[in-house]
Amino acid sequence: GGGGAGARCHVTGTKMAAFPWHARSRNYVSESEACKLESVPLDFGDYHPLKPITVTESKTKKMNRKGSTSSTSSSSSNSLMDPLSSVLDGTDPLSLFAAAADPVTALDGARRKRDKDESSAVGSDFEPWSNKRGDILARYTTTEKLSINLYMGSEKGKATATGSAVSEKVRTRLEELDDLEEGSQKELLNLTQQDYMNRIEELNQSLKDAWSSDQKVKALKIVIQCSKLLSDTTVIQFYPSKFVLITDILDTFGKLVYERILSMCMDNRVSLPDNFSPESVNDTAKETCLNWFFKIASIRELIPRFYVEAAILKCNKFLSKTGISECLPRLTSMIRGIGDPLVAVYARAYLCRVGMEVAPQLKESLNKNFFDFLLTFKQIHGDTVQNQLVVQGVEIPLYLTLYSPAIDWILQCIAYHAPDVTTFELMLSCIDLCCVHCSALLLNSIMSAFRADFIAARSMDFIAMIKECDESGFPKHLLFRSLGLNLALADPPENDRLQILNEAWKVITKLKNPQDYINCAEVWVEYTCRHFTKREVNTVLADVIKHMTPDRAFEDAYPQLQSIIQKVITYIYDFALLFSVEKFLPFLDMFQKESVRVEVCKCIMESFIKHQQESTKDPVILNALLHICKTMHDSVNALTLEDEKRMLAALINGFIKMVSFGRDFEQQLSFYVESRSMFCNLEPVLVQLIHSVNQLAMETRRVMKGSHSRKTAAFVRACVAFCFITIPSLSSIFTRLNLYLHSGQVALANQCLSQADAFFKAAVSLVPEVPKMISVDGKMRPSDAFLLEFLCNFFSTLLVVPDHPEQGVLFLVRGLLNVIQDYTWEDNSDDKVRIYTNVLHLLSAMTQEAYIYHVDKVDSNDTLYGGDSKFLAEINKLSETVVSQILDHLKTLGKEETLKRQSQLALYFFNTILAHGDLRNNRLNQLSVNLWNLAQKHGFADTKTMVKTLEYIKRRSQEPAMNHFTELALRLPLQSRT
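Residues numbered from 1 in each chain as written. Predicted model: local features only at pLDDT ≥ 70, side-chain atom pairs only at ≥ 80, totals over all residues. Heavy atoms only, no water.

Moving on, we get to the overall build of the protein. Scanning the protein from terminus to terminus reveals 45 helices and six strands. Classification of the 978 residues of the protein by burial places 48% in the buried group. Only carbon and sulfur atoms are counted for the fraction: they give 52% of the accessible area of the protein, which is about 50,000 Å². (Helix = DSSP H or I, 4+ residues; strand = E, 2+ residues; numbered from the N terminus. Buried < 20%, exposed > 50% of the residue type's maximum accessible area, 1.4 Å probe, protein only. Areas by Shrake-Rupley, 256 points an atom, 1.4 Å probe, with all protein chains shown as cover.)

Laid out in structure tokens, this is it:
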């Protein structure tokens with residue numbers, strides 16, 4: 001190969017006149033002393049960076065013409081002031097400019113501020129409806145076909161002549177509303193759940209489009225027709241999700257109407273204050289507001305009339321101070337006209353929601369809605385509801401769960417900032433008044449709506465009430481699940497904890513349906529991990545395995561099983577303790593689906609890396625985590641994304657770094673060898689293993705310092721062999737080059753000279769394979785800069801590498817120069833010359849009597865040759881040839897388009913001669929002058945750089961034995977660009 005000692009040196013064989021190179025002698029010790037900074041004591045006085053700043057403010061008062069004098073007053077303040085804030089006076093000038101230029105932006109800003117203030121009418125401790133929306137949509141789904149009955153509108157001409165009387169306009173609006181009630185209908189049948197949701201979203205967008213195009217009546221029609229859908233319970237198990245989707249449209253409509261009226265209240269582009277009074281609303285806005293309420297009042301059907309009026313309840317603020325408090329009782333009474341109890345309870349939930357948004361202090365309507373629900377709930381036993389359930393094949397337990405979101409919300413509103421004892425006593429009396437079905441449903445909602453600490457403190461009371469509930473009604477396991485959710489957030493009394501677990505698990509373990517079982521068990525696993533030992537956790541995991549293994553029930557419960565694993569490792573993050581839980585690993589075996597199994601393994605490894613503070617050699621931990629890491633590694637295939645590979649490799653590397661066998665170096669190396677065989681498809685892991693083995697070799701050298709036993713030497717050679725065998729399997733060429741260099745340095749530090757030579761030869765042989773373009777962060781980049789950086793590092797190492805007695809003088813340097821000469825460089829690149837210049841740095845350092853640095857217990861060439869004249873002659877000969885190569889390249893840059901490059905390279909080479917050359921040599925001195933002139937010849941030189949360089953030369957001329965720099969400075973003119 002190019003790195004072989006016997007290869008013909010193309011550099012030294014070039015037919016050209018050699019230019020003499022004379023390196024200057026260096027005394028590195030004295031140079032280092034001369035470069036040290038002189039320590040000078042500084043007197044800061046009273047200044048300290050952490051001391052408060054004293055700001056002096058000067059005020060100048062100018063007098064009128066009668067008094068031309070001015071007075072100045074000063075005041076001092078010790079308060080910390082932000083100078084930028086004081087300059088801006090707390091105001092952003094760009095914002096002021098934007099607001100002045102665009103009044104609409106100012107209005108939008110005011111609206112956003114008002115919306116924020118109004119949304120905070122209830123505190124942050126009140127869970128908003130938006131948090132519940134996603135859970136409802138995910139929980140209440142259906143596979144049955146759905147339908148939508150929509151009014152499409154008639155095509156009657158409604159054009160009104162210009163100048164029509166107001167009465168005719170009113171009549172036209174009334175006709176439109178009649179058209180709304182009597183127009184043609186279109187029924188969309190056989191819709192899937194997703195189709196239904198898409199159609200509702202289209203209606204929401206149609207509402208916004210109609211409003212923006214000033215088709216207010218059309219917008220109202222859309223809202224009315226959507227509201228009518230809430231009277232349809234033909235697919236009853238989907239009703240809660242339907243309610244969420246439709247009320248989104250109602251919320252949009254209510255916001256549009258409110259903002260429309262609010263915009264009419266602006267006076268001179270100034271909007272109303274946040275807490276405005278009806279008296280500050282102009283007549284036009286009030287008339288428009290009344291017009292909307294009159295339109296809505298003319299809707300004939302109860303359900304759309306109720307929902308649309310509730311949607312714009314906030315607009316009552318424009319009419320009177322008591323408008324909202326008067327409307328809430330009336331709307332509450334309207335709901336009594338809804339016959340279906342499920343439809344009615346969701347109407348009450350919507351009224352409570354808008355009521356809490358605009359008037360959370362009005363608790364009476366909340367209580368009234370709740371008691372009305374209790375009084376009418378007996379309707380579920382009526383023929384109408386029972387027949388409907390029979391037709392749809394829905395059992396009572398499932399039907400009762402449909403009420404939960406609505407009742408949960410109503411109770412949450414009632415319980416907000418209410419005294420705990422009073423509210424709890426009220427709830428108990430309500431439960432006593434209800435039927436057996438209603439009491440369980442209500443109990444579940446109480447546990448969902450009340451604070452977790454309130455429920456946890458009374459856990460035994462709730463368990464007693466759960467026991468008394470009828471099993472045929474609301475499912476008991478759901479009651480225990482709700483209780484468990486609270487106990488995961490707050491702790492019950494310590495003396496009750498074991499009894500609570502026993503009572504709950506008696507019910508949970510008897511569940512026959514795997515889905516019901518796992519939904520409940522998932523919640524109580526957290527309670528068990530939170531308060532008990534590994535014995536109880538192991539018992540719970542064993543019970544889960546027992547229930548979920550038959551008929552492979554676990555395949556339908558992967559999310560719940562993942563949640564259990566997450567909770568276990570959250571509370572048991574001592575992995576020695578975790579893997580001593582007998583059923584933990586068998587529990588992992590239930591994850592048969594590869595993608596899920598990998599996610600679980602990633603979760604475990606993330607926990608290990610996060611919580612493991614000390615290195616480990618525990619065989620139980622190592623075997624278990626090796627198996628988990630192997631699972632992650634084996635999931636990698638040709639379709640795996642690079643990001644996923646990096647994530648998996650980072651987790652495995654995190655594990656590898658945490659494994660330590662102390663001074664049992666052989667066991668440590670065996671672990672790395674085993675890891676290499678297990679994780680061979682992830683390149684970053686192999687790279688980490690090579691670094692770890694190199695570190696192990698250096699650690700062995702440190703610990704065994706002074707020991708030259710054969711065993712130690714053999715072990716180090718084994719580490720070196722590991723690296724030498726592993727590096728070729730890597731795909732990244734620069735990773736291989738850098739690892740060859742690093743591993744060679746490690747071998748050299750351990751006095752393994754032949755192994756170090758092998759690494760360096762391998763690196764030299766690999767250089768010709770470097771491609772012109774490489775991928776960096778997903779983008780193709782030229783490789784020249786990376787190769788230049790590597791070679792400079794390589795040269796620094798070659799300084800201390802001793803020559804092989806059988807390979808000739810500087811065999812590695814010559815081999816590397818051959819490779820550089822043969823490498824095909826880009827036409828517009830000067831990197832080859834920059835590399836040659838760095839070679840001169842290396843060769844100059846090699847001529848010194850004592851090198852600037854050494855490797856401990858390794859004799860470099862300064863010791864081996866002892867300044868032998870033949871050795872120095874070889875270096876000078878090689879240096880002269882390199883200089884000739886540099887000068888030839890400078891000549892090729894004489895064309896007009898390359899003159900700037902020529903100027904830069906000339907100055908670069910000049911600085912090299914200045915630092916490393918012996919300028920007492922006349923020819924080298926003249927060469928430096930020629931390079932200086934060439935750098936300035938065509939006006940491309942940086943004047944500041946040239947001036948600073950010349951100043952440096954003049955300073956150096958003042959040093960002892962540097963008189964020749966004085967003459968040189970006189971021969972270096974500065975040319976101005978004129």
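Picking up after the structure, the text goes on.
Counting across every chain of the model gives 30 salt bridges. For Arg535, the salt bridge identified is with Glu536, shortest N-O distance 3.5 Å. Three or more residues are tied together by salt bridges with common partners; here these are Arg24, Arg26 and Glu31. (Salt bridge = Lys/Arg side-chain N within 4 Å of Asp/Glu carboxyl O.)

In this model, the protein carries a mean pLDDT of 84, and residues with pLDDT of at least 70 account for 83%. Overall, residues 83–90 carries pLDDT values under 50, and its contacts beyond four positions in sequence, including any with other chains, amount to three contacts. Every residue in residues 152–166 scores below 50 in pLDDT, and together they form nine contacts with partners more than four places removed in sequence or on other chains. (pLDDT = per-residue confidence, 0-100. Contact = heavy atoms within 4.5 Å.)

Here helix α21 (residues 459–468) crosses helix α23 (residues 497–508) at 20°, and the two axes come no closer than 10 Å. As the angle between them shows, α21 and α23 are arranged roughly parallel. Between α21 and α23 lies a crossing of left-handed hand. Seen from α21, the contacting residues are Ser459, Met460, Ile463 and Lys467; seen from α23, they are Gln499, Ile500 and Glu503. Residue classes in the contact of α21 with α23 are distributed as three nonpolar, two polar and two charged. (Axes fitted to C-alpha atoms, helices over the stretch in contact; angles between N-to-C directions. Parallel < 35°, antiparallel > 145°, perpendicular 65-115°, else oblique. Left-handed = near helix turned anticlockwise from the far one by under 90°. Nonpolar A, V, L, I, M, F, W, Y, C, P; charged D, E, K, R; others polar.)

Next up on the list: the packing of helix α38 (residues 811–822) against helix α41 (residues 869–892). The contact between α38 and α41 brings their axes to 13 Å, and the two run at 15°. On the basis of the axis angle, α38 is roughly parallel to α41. For α38 against α41, the interelement crossing comes out left-handed. Touching Val813, Arg814, Leu817 and Gln821 of α38 are Glu874, Leu878 and Gln885, all from α41. For the contact of α38 with α41, the residue count by class is three nonpolar, two polar and two charged.

Before going further, it helps to examine helix α8 (residues 216–228). For α8, built from 13 residues, the straight-helix expectation of 18 Å at 1.5 Å per residue is met to within 8% by its first-to-last C-alpha distance of 19 Å. The buried count for α8 comes to twelve of 13 residues, which makes it a mostly enclosed element. Restricting attention to buried positions, one finds in α8 the residues Lys216, Val217, Ala219, Leu220, Lys221, Ile222, Val223, Ile224, Gln225, Cys226, Ser227 and Lys228. (Expected span 1.5 Å × (residues − 1).)

All right, on to the nonpolar core then. One recurring pattern in soluble globular proteins is that nonpolar side chains are buried together. With 306 residues, the main nonpolar core has Tyr399, Trp524, Val544 and Phe655 as its most contacted residues. For this core, the element with the most residues is helix α9 (residues 239–263), which contributes 13 residues. With near-sequence residues (within four places) excluded, Phe655 lies in contact with Met605, Phe608, Ile609, Leu622, Leu625, Leu626, Cys629 and Phe671. (Core = buried A, V, L, I, M, F, W, Y, C linked by side-chain atoms within 4.5 Å.)

Helical periodicity: at 3.6 residues per turn, an α-helix aligns residues three or four positions apart in one direction. Under the 1.5 Å per step criterion, the end-to-end length of helix α35 (residues 733–749) is 24 Å for 17 residues, consistent within 8% with the ideal 24 Å. Trailing α35 by a residue or two, Gln751 shows a phi angle of about 60°, which is positive.

Turning next to the environment of Gln194. Looking at where Gln194 falls in the secondary structure, it is placed in helix α7 (residues 193–212). C-alpha of Gln194 to C-alpha of Thr143: the two residues are 51 residues apart in sequence and 9.9 Å apart in space.

Sheet topology note: the strand β5 (residues 773–776)/strand β6 (residues 779–782) ladder contains four bridges and is antiparallel. Across the sheet, the residue bridging to Ser775 is Met780, located in β6. Once β5 ends, the chain turns through two residues before running back antiparallel as β6, passing Asp777 with a positive phi of about 55°. (Pairing = 2+ DSSP bridges.)

Our focus in this paragraph is the layout of surface pockets. Its boundaries defined by the atoms lining it, the largest pocket holds a volume of some 1,400 Å³. For the largest pocket, the lining is made up of 38 residues, of which Arg139, Tyr140, Leu478, Arg481 and Leu485 are closest to its centre. Taken together, the elements giving at least two residues each to the lining of the largest pocket come down to α5 (129–139), α16 (396–401), α17 (404–415), α19 (436–449), α22 (476–487) and α24 (514–531). Among the residues making up the lining of the largest pocket, the classes are represented as 17 nonpolar, eleven polar and ten charged. (1 Å grid on protein atoms, 1.4 Å probe; cavity = no way out; pocket = protein on both sides within 12 Å on 5 of 7 lines; lining within 4 Å. Points joined across faces, edges and corners; volume = space filled by probe spheres on them.)

The residue Asp214 is not glycine, and still its phi comes out positive at about 65°. Along the chain, Asp214 turns up in the loop between α7 and α8. Exposure remark for Asp214: the relative accessible area of 57% places this residue in the exposed category.

Within the structure shown, the criterion is met by 44 aromatic pairs. Where Tyr258 meets Phe318, the ring centres are 5.1 Å apart and the plane angle is 40°; that geometry is what we call tilted. One end of the pair, Tyr258, is in helix α9; the other, Phe318, is in the loop between α11 (302–311) and α12 (323–335), with 60 residues separating them in the sequence. The class of Tyr258 is buried, set by a relative accessible area of 5%. When its relative accessible area of 0% is taken as the criterion, Phe318 is described as buried. Both rings, one in Phe377 and one in Tyr403, keep their centres 5.2 Å apart while their planes meet at 80°; by these two values the pair is edge-to-face. One end of the pair, Phe377, is in the loop between α14 (363–376) and α15 (383–392); the other, Tyr403, is in the loop between α16 and α17, and 26 residues separate them in sequence. Across this residue pair, the class does not change: Phe377 and Tyr403 are buried. (Phe/Tyr/Trp six-rings, centres within 6.5 Å; stacked < 30°, edge-to-face > 60°.)

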